Structures are given as C-alpha cells and as structure tokens.
Amino acid sequence: MFSKNQIVPVTIEDISDTGEGIGHVDGFTLFVSRAVPGDTVRARILKAKKTYAIAKAEEIITPAPGRVTPECPVAGSCGGCQLSFLSYESQLALKQKKVEDCIRRIGGFADITVQPIIGMDEPRAYRNKGQFPVGPAQGSEAAIGFYAGHSHRIVPTSCCGMLWPGHEEILSAVREYLAESGAAPYDEETGRGLVRHVLMRKGFATGEIVVCLVSNGTKIPAPETLWERLQKVKGVVGLCLNVNREKTNVILGDRLIPLFGKASVTDRIGDVQFEISPMSFYQVNPVQTKVLYDTALAYAGLTGEETVWDLYCGIGTISLFLAKAAKKVYGVEIVPEAIENANANARKNGIENAEFYVGAAEEVFPRLVKENPAIGADVIVVDPPRKGCDEKLLATMLAMAPERIVYVSCDPATLARDLKILCAGGYRIDRVQPVDQFPGSVHVECVSLLQRMSNSQSKAITLDVDMEDYHRIKSEGR
Ligand code: SAH
C-alpha cells in the first residue's frame, strides 16, 4: 500500500484510455500522468487506493524511445493532448497497438490483421472546432482555456496548436468583451454566472467561422459589442447563443439562439457541401475525415443498386457521401438540428435519394422496418458515439442481414465488443482500418468492413420487431 506523496520508481508499460501511463509495482497498478509507455520515472503518489494509485511523474529516469519535448506551453497540464510527450510516429504505433489489443482481447479475434493506421502528414493545426470552458477569474480576468485532465480546473490558454491559426483572435475578442460588458463567467460550484463556454467552428474548405457562446441564460449583455469585435476576425460569419441552464458536464443545452450573421458554417468534403449548426456533430479533422469517408465508401462496395442505412448519421455526411453511388440511403440520428442540417444538405447538393429520420437509431430503425417490411438493407453503415451500438440495434442489423456492414468507430473497445456480437450473428471481419483523426490525443478512429457469411441465417433472436415479413419479401426477391 502506498502513501500520499511517496516517491516510487516505475516503468510505464501501457497507456490508459484517458492518457495516463500505466505501470505496476508490487502488484499495484499505478496511473501516472505525464508518463508514456517506455518511460521509467520517479512517480509521486497523489492518491492511494486499495489496488491502484494515481501518481504524477516527477522525474524521468529513462525516457521512452519516442519521447519528445512538447512545443505546447500547457502540455501535461491541459487534458487535451495526452500524447504530446511522444513523437507522432510513436503515437501512431501506440494507437495501432491499442486497436490490435482490443480486437484480440475484447473481440477474441486472434487471427485478424489490423491494417496499418493512416496518419497525417502534418499532424498539427488540424482541428476545425474548439470548445473552451470559461470560469471565474483567476487573477484579473475570466479564465478561458481547457480543462486539466480528470478535472474541471481550467488551464488558461490563449491558443491551441491543434486548432487553425487565427482562432486566438476569437478568444481575445471574447476576453475583451467579458471584461468590458460585465458578463460574468459561469461558476460550476455555485451555478451562478452567465458565460460557460466559447465554441468555434471553421469550415476549412470555405473559411467560414461561426462562434457560439454557451450561456446560463437567454440573453447576454450588449451582444453587439462582441459581434463588432468578432467581425474584425477574418472568416467570422456568425454569432450564436446556446442556452444551457443545467448543472451538468454536458456542454450544450438544447436551445440555440442565432444572434448575428449565419447560424451555421458551410463546409465541403470531397464534392459534397454541408451546413453545420453549432448543435450538430461534425468530424473535427477535415483532412482525415475525407480519408475516413473514402474508406467507408470503398468498403460499402456500392454499384448503384443498393439500399443503404446510415445509422447515427449526424448531419448526413456519410449518407450524402454514399448517396451518389447507391439507389437509396436512409439516415437516422437523435439530434433534431442535425437532421434539419441533413435534409438541407441533401437539397443543397441536389441529392434526392436520401431520407432522414430523427430519433434513437435503436428505436427508429426497427420501427421503420416493421412499418415497411419491403424497405430493405443491402449495406448498413453505423457510426455510433463511444459507447458503441445499442444491443437492440445490433439485433435489428443482424435480423436485416445486409450483405455488408461498415462500422465506423471512435472507440476500439466498444467496436471490438460489437464486432464480436455481429460475428456471432453470421458475419466475418474483412477489414479493420484505423485512421488517426486526433493526433496528440489517445483517441483513434476505425473503419471496419463486415461481410455476411454465405448461407448464414441471422442468429439474433431477441427482437421486438417481427422480421418474418421482411425475410419473406426479401426471399421473394422484392
Ligand atoms: N456519421 C456522422 C456522425 C457520427 S457521431 C459523422 O460522421 O459526422 C455520432 C452521432 O450519433 C452523433 O451525431 C450523435 O448525436 C448521434 N447519436 C447518439 N446517440 C444516438 C442514438 N441512440 N441514435 C441515433 N443517433 C445517435
């Protein structure tokens, strides 16, 4: 058992999902911040529990082979780039191993070869979206920055090397506005104060930027003075307010109030144009998003005859990317604003064979199948949040028995879990392709292709949709 402030030498063997180095000493697991696999460090124990301890690297005894000195002044204290102490090459190797470990250990697939991860040529300034928490003054002005790892303590930051150059002018404008207008920064402890977050998103293909303040109320004082300042920043086309009055860690509330200019950013991926509301999910790394979607398109293997489902479709990005090569695409997404964007995006691109539905995929998809048994599914694409696909959704997918399933995932652990279920239900893994969407961070995206095994009948039994009609119509050849 360790005691607080004890100094322990430890060799780091692995990295946690949240970026701490993991090492073992006398049967205890140590989670060591500022340490990376391959390092041997002297770690100071910060918190000791029965079987594990939280620690911080105080001194590097032997550096990991890929260890570098990060350029970022807040590396190690900001919770954002957990891998900034590693060269990009080592970051990629770590992510590759993470995916391989999950596929093998969680999925139980001993003989699947994971494709080599696709990294970036220039792994900096790649992010098109920043979200900066605002908190009570530390010194003379409101704190604006990033959360420290595992905490809501704000590490004040004036700019971030992962965002586009120039975003710091927006932060300065907001800082000046807060000081001048008296709009109080929100205090999470008391629930008082007004301004909670500064959100900014840029369409890299168009240069358009929309700024959104998240506020603990429906009004901010003298918003025109903020707009005046923001208009001097190149690219800014709009200012919105998002209202979040809850005592919650969730950044966005569910009401958006456009204040000045445009309420959405226009961007392009390949030759498809998108309108993106601040409320909608949109991939943060446009260069790698193109790689990701091209891979998904290739895996979908479309000939123009297929009915495709894009579940967890966001603003319809993948749906519209695939629509030109498919007969029909159905998209399902839970955020209503995202579906508004998806419909507008389809119209904007003259795409008439895409249809979008709002709701939880695990409810909407089985319901639509039940209502219209002839609807069909040749290819199903899923792109769920980190928690992976809902079990009921997986069951419906198996029951629909599409030829191919393309699984886009931002969490290799839940991906592996879901692949195991799908393979138990009659599919085999054809490909697993990691794509580095988030240089600097521990996160990694993957696209997987699953093929239905011939003659396999779905083994998914527990469904509250009656699939009999569906299979009858399907076997009659529609
Ligand atoms: N495919 C899109 C979005 C992927 S992110 C893209 O590449 O841009 C995952 C999306 O799933 C988010 O838009 C989120 O709002 C949505 N979502 C979360 N839970 C959901 C659920 N139960 N049903 C449908 N959509 C859901």
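The following paragraphs examine the structure supplied in this document. Everything quoted here is computed from the prediction, not taken from an experiment. (Residues numbered from 1 in each chain as written. Predicted model: local features only at pLDDT ≥ 70, side-chain atom pairs only at ≥ 80, totals over all residues. Heavy atoms only, no water.)

1. Examining the overall build of the protein
Then, in step 1: Secondary structure summary: the protein contains 10 helices and 21 strands in total.
Then, in step 2: Expected size for 478 residues packed as a compact globule is a radius of gyration near 23 Å; at 24 Å, the protein falls within 12% of this value.
Then, in step 3: Principal-axis analysis of the C-alpha atoms gives the protein an extent of 75 × 60 × 40 Å.
Then, in step 4: Within the protein, the fraction of its 478 residues that count as buried is 55%.
Then, in step 5: Relative to all contacts within the protein whose residues are 6 or more apart in sequence, the contacts with residues 24 or more apart total 64%.
Then, in step 6: In the form shown here, the protein has an accessible surface area of approximately 20,900 Å², with 50% of it arising from carbon and sulfur atoms.
Then, in step 7: Looking at the protein, you have 53 positive and 58 negative side-chain charges, and the mean spots of the two groups are 3 Å apart. (Helix = DSSP H or I, 4+ residues; strand = E, 2+ residues; numbered from the N terminus. Rg over C-alpha atoms; globule rule 2.2 N^0.38 Å. Buried < 20%, exposed > 50% of the residue type's maximum accessible area, 1.4 Å probe, protein only. Contact = heavy atoms within 4.5 Å. Areas by Shrake-Rupley, 256 points an atom, 1.4 Å probe, with all protein chains shown as cover. Lys, Arg positive; Asp, Glu negative; His and termini not counted. Charge placed at Lys NZ, Arg CZ, Asp CG, Glu CD.)

2. Examining the nonpolar core
Then, in step 1: Ranked by size, the top nonpolar core spans 83 residues in total, and within it Trp309 and Leu311 carry the most contacts.
Then, in step 2: Each of domain 2 (131–269) and domain 3 (283–477) gives at least three residues to this core.
Then, in step 3: Aside from chain neighbours lying at most four places away, what touches Leu311 is Val332, Ala361, Phe365, Ile380, Val381, Val382, Asp383 and Leu393.
Then, in step 4: By size, the runner-up hydrophobic cluster in this structure holds 41 residues, among which are Phe274, Phe356, Val379 and Val408. (Core = buried A, V, L, I, M, F, W, Y, C linked by side-chain atoms within 4.5 Å. Domains from an automatic or database assignment.)

3. Some words on the site of the ligand
Then, in step 1: In the vicinity of the ligand, 17 residues are found, and the nearest of them are Tyr293, Thr317, Glu333, Ala361 and Asp383.
Then, in step 2: Between the ligand and Tyr312, the relevant distance is 3.2 Å, taken from a nitrogen atom to a main-chain nitrogen or oxygen of the residue.
Then, in step 3: One of the side-chain N or O atoms of Thr317 is found 3.0 Å from an oxygen atom in the ligand.
Then, in step 4: Coverage of the ligand by the protein chains reaches 90% of its 570 Å² of free accessible surface. (Near = heavy atom within 4 Å. Polar contact = N/O pair within 3.5 Å; in protein donor to acceptor, adjacent residues only side chain to side chain.)

4. Observations concerning empty space enclosed by the protein
To find leftover empty space, a probe the size of one water molecule is rolled over the atoms.
Then, in step 1: Using the criterion set out here, one finds two cavities of 30 Å³ or more in the structure.
Then, in step 2: Estimated volume of the largest cavity: approximately 100 Å³.
Then, in step 3: Lining the largest cavity are 13 residues, with Leu199, Met200, Arg201, Val210 and Pro278 positioned closest to its centre.
Then, in step 4: Sorting the residues of the lining of the largest cavity by element identifies strand E6 (129–138), strand E9 (195–202) and strand E10 (209–215) as the ones contributing at least two each.
Then, in step 5: Ranked by the residues each element gives to the lining of the largest cavity, the list is headed by E9, at three residues.
Then, in step 6: Its residues assigned to classes, the lining of the largest cavity shows eight nonpolar, three polar and two charged.
Then, in step 7: Estimates place the volume of the second largest cavity at around 30 Å³.
Then, in step 8: Forming the walls of the second largest cavity are Ile15, Leu83, Leu94, Lys95, Lys98 and Val442.
Then, in step 9: A per-element tally of the lining of the second largest cavity places helix H1 (residues 88–106) first, with three residues.
Then, in step 10: Grouping the amino acids of the lining of the second largest cavity by side-chain chemistry returns four nonpolar, no polar and two charged. (1 Å grid on protein atoms, 1.4 Å probe; cavity = no way out; pocket = protein on both sides within 12 Å on 5 of 7 lines; lining within 4 Å. Points joined across faces, edges and corners; volume = space filled by probe spheres on them. Nonpolar A, V, L, I, M, F, W, Y, C, P; charged D, E, K, R; others polar.)

5. Quick look at the sheet that holds E10
Then, in step 1: A sheet is described by the order of its strands in space; here seven strands give the open sequence E8-E7-E6-E9-E10-E11-E12, paired in mixed fashion. The outermost strands of the open sheet, each flanked by one partner alone, are strand E8 (154–156) and strand E12 (255–261). Taken over all neighbouring pairs, the strand axes of this sheet differ in orientation by 35° on average, direction set aside.
Then, in step 2: Sheet analysis places E6 next to E9, joined by five bridges and oriented antiparallel. (Pairing = 2+ DSSP bridges. Axes fitted to C-alpha atoms, helices over the stretch in contact; angles between N-to-C directions.)

6. Structural notes on the pattern of salt bridges
Then, in step 1: What the rule picks out here adds up to 22 salt bridges.
Then, in step 2: One salt bridge connects Arg44 with Glu58, and the closest N-O pair in it is separated by 3.1 Å. Of this pair, Arg44 sits in strand E4 (residues 40–48) while Glu58 sits in strand E5 (residues 52–62), and the two are 14 residues apart along the sequence.
Then, in step 3: Residue classification places Arg44 among the partly exposed residues on the basis of a relative accessible area of 25%.
Then, in step 4: In this structure Glu58 comes out as partly exposed when scored by relative accessible area, which is 43%.
Then, in step 5: Put simply, Glu141 and Arg175 hold a salt bridge, and the shortest N to O gap is 3.5 Å. Residue Glu141 is located in strand E7 (residues 141–147), and its partner Arg175 is located in helix H2 (residues 167–181); the two are separated by 34 residues in the primary sequence.
Then, in step 6: You can call Arg175 buried: its relative accessible area is 15%.
Then, in step 7: A cluster of three or more residues bridged by salt bridges with shared partners is formed by Lys97, Asp101, Arg104 and Arg105. (Salt bridge = Lys/Arg side-chain N within 4 Å of Asp/Glu carboxyl O.)

7. What to know about the sheet that holds E4
Then, in step 1: An order of E1-E2-E3-E5-E4 is seen for the five strands of this closed barrel, with the pairing classed as mixed. Strand-to-strand twist in this sheet, taken as the mean axis angle between neighbours without regard to direction, amounts to 50°.
Then, in step 2: The pairing of strand E1 (residues 7–15) with strand E2 (residues 21–25) spans three bridges and is classified as antiparallel. Looking at the pairing, Asp14 lines up with Ile22 of E2.

8. Observations concerning the pairing of E9
Then, in step 1: Where burial is concerned, most of E9 is hidden: eight out of the eight residues are buried.
Then, in step 2: Direction of pairing for E9 relative to E10: antiparallel, over a ladder of seven bridges. When the bridges of E10 are listed, Val198 appears paired with Leu213.
Then, in step 3: The turn linking E9 back onto E10 is made up of six residues, and Gly207 within it adopts a positive phi angle of 85°.

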